[in-house]
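The residues making up each chain are set out below.
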Amino acid sequence: MNAPVALWRRLLASPLATALALVLLILLSASAAFYLLEFAGSSDKTYFDALWWAMVTLSTVGYGDIVPTTVAGRLVGMAIMATGVGVMAALTGNLASALIERKNRKRQGLLPVKTSDHCLVLGVNAQAPELLRALAASASAHKRGPAVVLVAPLTPEDFAEMAADLDLGDRLEFCRGNPAHEPTLGRASPATARSAYILSQDGLSPEEADQQTLLAALTFRGLAPKVRLCAEALLESSRKPLSRAGVDVTVVRGELAGRALGAMGEHPALWHFLERLLGGAGHRAMAARTFAAEEKGLAWSQLVARAMAADGEMPVAVFRLRRDIDIRELLDADSALDQFISELFAAYGQDGRIGSEGPSVVVNPGDGLDLGGFDGLIFLRAGGPERKPATVAEGGGA
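Residues numbered from 1 in each chain as written. Predicted model: local features only at pLDDT ≥ 70, side-chain atom pairs only at ≥ 80, totals over all residues. Heavy atoms only, no water.

**Side note on the packing of aromatic side chains**
Then step 1. One pass over the structure, following the stated rule, counts 6 aromatic pairs.
Then step 2. Ring centres of Phe34 and Phe39 lie 5.4 Å apart, and the angle between their planes is 90°; this geometry places the pair in the edge-to-face category.
Then step 3. Relative to Trp53, the ring of Phe34 lies with its centre 3.8 Å away and its plane at 15°, an arrangement referred to as stacked. Of the two residues, Phe34 is situated in helix α2 (residues 15–38) and Trp53 in helix α3 (residues 47–58); the sequence distance between them amounts to 19 residues. We note that Phe34, like Trp53, is buried.
Then step 4. An aromatic cluster is built from Phe34, Tyr35, Phe39, Tyr47 and Trp53, whose rings are joined through pairwise contacts.
Then step 5. Against the face of Phe374 rests Arg320, its NZ or CZ located 4.4 Å from the ring centre. (Phe/Tyr/Trp six-rings, centres within 6.5 Å; stacked < 30°, edge-to-face > 60°. Helix = DSSP H or I, 4+ residues; strand = E, 2+ residues; numbered from the N terminus. Buried < 20%, exposed > 50% of the residue type's maximum accessible area, 1.4 Å probe, protein only. Lys NZ or Arg CZ within 6 Å of the ring centre and 35° of its normal.)

**With respect to the pattern of salt bridges**
Then step 1. The tally for this structure, following the rule as stated, stands at 8 salt bridges.
Then step 2. Here Arg133 and Glu130 are joined by a salt bridge, their closest N and O atoms 3.3 Å apart. Highlighted residues: Arg133 and Glu130, both in helix α5 (residues 128–138), separated by 3 residues, approximately one helical turn.
Then step 3. The class for Glu130 is exposed, based on a relative accessible area of 52%.
Then step 4. For Glu294, the salt bridge is made with Arg306, and the minimal N-O distance between the two is 3.6 Å. Placement of Glu294 in the loop between β7 (286–290) and α12 (300–311) and of Arg306 in helix α12 is noted, with a sequence separation of 12 residues between them.
Then step 5. Here Arg306 falls in the partly exposed class, since its relative accessible area comes to 40%.
Then step 6. Through salt bridges that share partners, Asp202, Glu232 and Arg253 make up one connected network. (Salt bridge = Lys/Arg side-chain N within 4 Å of Asp/Glu carboxyl O.)

**Considering the side chain of Arg221**
Then step 1. Counting through the fold element by element, Arg221 comes out in helix α8 (residues 206–223).
Then step 2. The class of Arg221 is buried, set by a relative accessible area of 15%.
Then step 3. Here Ala224 takes part through its backbone oxygen, which lies 2.8 Å from a polar atom of the side chain of Arg221.
Then step 4. Apart from the residues within four sequence positions on either side, Arg221 is in contact with Lys226, Val227, Arg228, Leu229, Ala245, Gly246 and Asp248. (Polar contact = N/O pair within 3.5 Å; in protein donor to acceptor, adjacent residues only side chain to side chain. Contact = heavy atoms within 4.5 Å.)

**Quick look at the sheet that holds strand β6 (residues 249–252)**
Then step 1. Read across the sheet, 6 strands follow the order β3-β2-β1-β4-β5-β6 without closing on themselves; strand pairing throughout is parallel. Each of the sheet's edge strands pairs with one partner strand only, and the pair in question is β3 (172–176) and β6. Each strand axis lies, on average, 15° off the axis of its neighbour in the sheet, ignoring direction.
Then step 2. As paired strands, strand β2 (residues 148–152) and β3 are joined by 5 bridges and run parallel to one another. (Pairing = 2+ DSSP bridges. Axes fitted to C-alpha atoms, helices over the stretch in contact; angles between N-to-C directions.)

**Some points on the packing of α5 against helix α6 (residues 156–166)**
Then step 1. Relative to each other, α5 and α6 sit at 50°, their axes nearing to 11 Å. With respect to α6, the element α5 is oriented oblique. Once α5 is placed against α6, the crossing between them reads as right-handed. Contact residues: Pro129, Leu132 and Arg133 in α5; Met162, Asp165 and Leu166 in α6.
Then step 2. Tallied by class, residues from the contact of α5 with α6 come to 4 nonpolar, no polar and 2 charged. (Parallel < 35°, antiparallel > 145°, perpendicular 65-115°, else oblique. Left-handed = near helix turned anticlockwise from the far one by under 90°. Nonpolar A, V, L, I, M, F, W, Y, C, P; charged D, E, K, R; others polar.)

**Quick look at the confidence of the model for the protein**
Then step 1. Of the residues in the protein, 79% reach a pLDDT of 70 or more, and the chain-wide mean stands at 79.
Then step 2. Per-element confidence in the protein is highest for strand β4 (residues 195–198), whose mean pLDDT is 94, and lowest for strand β10 (residues 353–357), whose mean pLDDT is 49.
Then step 3. Note on residues 385–398: pLDDT under 50 across the span, and 16 contacts to partners over four residues away in sequence or across chains. (pLDDT = per-residue confidence, 0-100.)

**Here's the deal with the pairing of β4**
Then step 1. Neither face of β4 is exposed, since Ser195 and Tyr197 on one face and Ala196 and Ile198 on the opposite face are all buried.
Then step 2. Relative to β4, strand β1 (residues 119–122) runs parallel, the two sharing 4 bridges. What sits directly across from Leu122, in β4, is Ile198.
Then step 3. As paired elements, β4 and strand β5 (residues 228–233) share 4 bridges and run parallel to each other. Following the sheet pairing, Ser195 is matched in β5 by Arg228.
Then step 4. With α8 bridging β4 and its parallel neighbour β5, the resulting β-α-β unit is right-handed. (Right-handed = clockwise from strand over helix to strand, strands pointing away.)

**As for the side chain of Glu173**
Then step 1. In this fold, Glu173 is placed in strand β3.
Then step 2. A residue is classified by how much of its surface remains accessible, and Glu173, at 15% relative accessible area, is buried.
Then step 3. Once residues lying within four places of it in the same chain are set aside, the contact partners of Glu173 are Lys106, Val113, Pro146, Val148, Val149, Leu150 and Phe159.

**Points about the nonpolar core**
Then step 1. Within the largest apolar cluster, 23 residues are counted, with the highest numbers of intra-cluster contacts made by Leu120, Leu122, Val149, Val151, Ile198, Phe220 and Leu229.
Then step 2. Judged by nonpolar contacts, the second largest core, of 21 residues, contains Val121, Leu131, Phe159 and Met162. (Core = buried A, V, L, I, M, F, W, Y, C linked by side-chain atoms within 4.5 Å.)

Written out as structure tokens, the structure reads:
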């Protein structure tokens, strides 16, 4: 009972609610008085006609289709006319104030973002602008609502400056606060998001930054257990705790850059190949998709030939998404002991989940691998115009 009472108190304390209540009280009182004074004993006039007259008079529209004929009725009309100007002005002013207040709260990142199929970015650092731009560019052009929602302890001024630099318009929204704080993260509609990314916080030691990332991951998983979650870490040792917290993919900062430099050491062309693969949103040479129903039973060589002939795609790898592992998958149906264990799980209402299997990728698997246990493939798009390699003078030589 406390919650409804508190809600009513908040509504009554609002100036706009007070003005609306006053207008409603005047309308009902004037309608009742006018009906008793003007329509008493009339068979063709109803209370709704009196309410119509009161509304027309209070709003100062004055259609003139119904007019008082008695002195008492005219006195009621004069009272409504006298109060109507002030009451309607107060109502209009309070409505304008409420709209301005809502706009200010939105600018400050304090309003809930009602959307779905969006990307969440939790935290902000030097890599945030590029990530926000890439996520917004990869979102569907026909998507309604924001494509990306940033949850970070930024000031409204800092966010406004970042948003102006990115020039994403309505595709970027903002929730101000700590992403590890459940009420703050809850305003960003995490359960309806398509994916989420946690960025390491600058200005902290690697241990502290990864602890904050872990807290944000635990908070997010509590609100959105099925949404794909990626996280940035500063320490390799943080990869396992983040995985246990429900992070699907953990990227250690500098890891990919180090591997790219290593590839450049083998041959400069490998860097240009990686550059084309990664590209930018909408311009990447690689892409991923789930298997079509008719592709499930094919061997790798058949799958490659089929994809090349149909769309010019060049499959290069297969992937398996993160999935829960059930103990029944490990039990032998022909073993009496294993059957007994399975029956115990069923008798005690246990679902048999004993852990999870992380995502995996197998590059060029060959025909010896059964593709039935995989979810989809990674492929190279049909080649476009050749990109001219950068020269040493342009900074592209190795």
